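Single-letter residue listing:
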Amino acid sequence: MHRLSEFIVGLIFGLGLLLSGMTDPGKVLGFLDLFGLWDPSLAFVMGGAILVGFFAFAVAKKRASSFLGGALSLPKSNVIDKRLVIGSLLFGAGWGLAGFCPGPALVSMASGQAQALIFVAAMAVGMIGFEMIERSK
Amino acid sequence: MTIDWSHFTPWASLSGGILLGLASALFILLNGRILGISGILGGLIPPKRHDTIWRLAFLAGLFSSPWIYKALAPASLLTAPRIDAGVLLLIVAGLLVGLGTRYGSGCTSGHGVCGLARLSPRSLIATLTFMAAGFAVVFIARHLL
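None of these values were measured; they are calculated from a predicted model.

Let us now look at the interface of chain A and chain B. Across the contact, 105 residues belong to chain A and 100 residues belong to chain B. Mapped by element, the contributors of at least two residues to the side of chain A that touches chain B are α1 (2-20), α2 (25-32), β1 (37-38), α3 (41-60), α4 (82-98), α5 (102-110) and α6 (114-135) of chain A. Looking at the side of chain A that touches chain B, the element that brings in the most residues is α1 of chain A, giving 18 residues. Pairing geometry for β1 of chain A and strand β1 (residues 2-3) of chain B, over 2 bridges, is parallel.

Here it is, written out as C-alpha cells:
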C-alpha cells in the first residue's frame, strides 16, 4: 500500500509540474526575469500548491502517525545558518542559469530530453560532491 | 516591469500548482513524509539499507508522468519546452543545483511548497534566498551581460 501511494504521489506531482509549466525552462526564466518581459505564471503555481499544502500540514501537525499507519515525521530543525543560506544561494544561481530545478529536470529527463539528461547527470555529480565534502570533514 | 501576456498561463499554472499541493498533501498524510525532490533523490546517493524502495517507487511515478501526460493532455497543453542553455551552462547549472540543494537541505518542492505550507521560518529564508539568487542571475544574464 505504501509503495502504491508513493508511486501515485510521484505521478501526480509530475503531472502537476507538466501542467503548471515548470518543466519549461523558458517559462521558469520568464518568471525569474522580473525586470524584463515578466511571466507571473509561476506565482500561481506556488500559490495553488501552498494553499492546498497549508490545510494538509495543519492536519499533519496534529498527528503522530500517517493515515496508512507509518511514522509521520515533520522536520524539527529551526536553525537558520550559513549552510541553509549559502546552499540556497548556489541552488538559486543554478536554477537561474538553466531554468531547471530538480523535479522538472527529472521529469524532462524521463520524457527523453537530452538537455535535461545532461543537467541531471551534473546535478547527481553535485550531490556526490556534497557527500564527499561532508565525509571528508 | 512588463507583463509577458503571450506566455502567461494563470489557469494551467494554478491547476498544476494545486496538483503539486495535492501530491504534497497525500505524501505527508499517507506516507508521513515531506515531498522534497532533492531530498528524495539525494537520499539515494549513496543508497542506504531500508531507505531506498520508497524513493524508487516515488521516482517511478514521477518518471511515468510525462508519458501519461502526453497520452491524456489536449494538444493545446503540449507546448514544446524552450531550452536555451548550451551543454556547458547545463553542466554548471546542474552542479550548482545538486550541491546547493543538498547544502541548503531542499529545493523548490521541499522548501518552496512544503516548507512554506507548514509555515517554517527556515524554509521561508531558503525560498527567499534561492528566489533572490534566481532573479539576480537572470537579471545579470539578460540585462547586464
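A rise of 1.5 Å per residue sets the reference length of α6 of chain A, with its 22 residues, at 32 Å; its end C-alpha atoms lie 32 Å apart and thus fit the reference within 8%. Inspection of α6 of chain A places Gln115, Ala116, Ile118, Phe119, Val120, Ala122, Met123, Gly126 and Met127 of chain A among the buried residues, and these make up the whole buried set.

Along the chain, Cys101 of chain A turns up in the loop between α4 and α5. C-alpha of Cys101 of chain A to C-alpha of Val28 of chain A: the two residues are 73 residues apart in sequence and 9.3 Å apart in space. Sequence-distant contacts of Cys101 of chain A, that is, excluding residues within four places in its chain, are made with Trp95 of chain A together with Val97, Cys107 and Thr108 of chain B.

This brings us to the nonpolar core. Core analysis: the biggest nonpolar cluster contains 85 residues, and Ala105 and Phe119 of chain A together with Ala23 and Ala93 of chain B have the highest contact counts within it. For Ala105 of chain A, the contacting residues outside a window of four places in its chain are Phe100, Ala116, Phe119, Val120 and Met123 of chain A.

This next bit is on the packing of helix α1 (residues 10-31) of chain B against helix α5 (residues 108-117) of chain B. Residues and elements named next belong to chain B. In contact at an axis separation of 11 Å, α1 and α5 are set at 65 degrees when each is read in the N-to-C sense. The orientation of α1 relative to α5 falls into the category roughly perpendicular. In the packing of α1 onto α5, the handedness of the crossing is right-handed. Across from Leu20, Gly21 and Ser24 in α1, the residues of α5 making contact are Val113, Cys114 and Ala117. Here the residues of the contact of α1 with α5 are counted per class, giving 4 nonpolar, 2 polar and no charged.

Note on placement: Gly100 of chain B falls in helix α4 (residues 87-103). The spatial distance from the C-alpha of Gly100 of chain B to the C-alpha of Ser123 of chain B is 14 Å, given a sequence separation of 23 residues. Dropping the residues within four chain positions of it, Gly100 of chain B is found in contact with Gly87, Ser88, Leu90, Phe91 and Gly94 of chain A.

Thresholds, definitions, all that
- Residues numbered from 1 in each chain as written.
- Chains lettered and ligands numbered in written order.
- Predicted model: local features only at pLDDT ≥ 70, side-chain atom pairs only at ≥ 80, totals over all residues.
- Contact = placed C-beta atoms within 7 Å.
- Helix = DSSP H or I, 4+ residues; strand = E, 2+ residues; numbered from the N terminus.
- Pairing = 2+ DSSP bridges.
- Expected span 1.5 Å × (residues − 1).
- Buried ≥ 20, exposed ≤ 12 C-beta atoms within 10 Å, placed from the backbone.
- Core = buried A, V, L, I, M, F, W, Y, C linked by C-beta atoms within 7 Å.
- Axes fitted to C-alpha atoms, helices over the stretch in contact; angles between N-to-C directions.
- Parallel < 35°, antiparallel > 145°, perpendicular 65-115°, else oblique.
- Left-handed = near helix turned anticlockwise from the far one by under 90°.
- Nonpolar A, V, L, I, M, F, W, Y, C, P; charged D, E, K, R; others polar.

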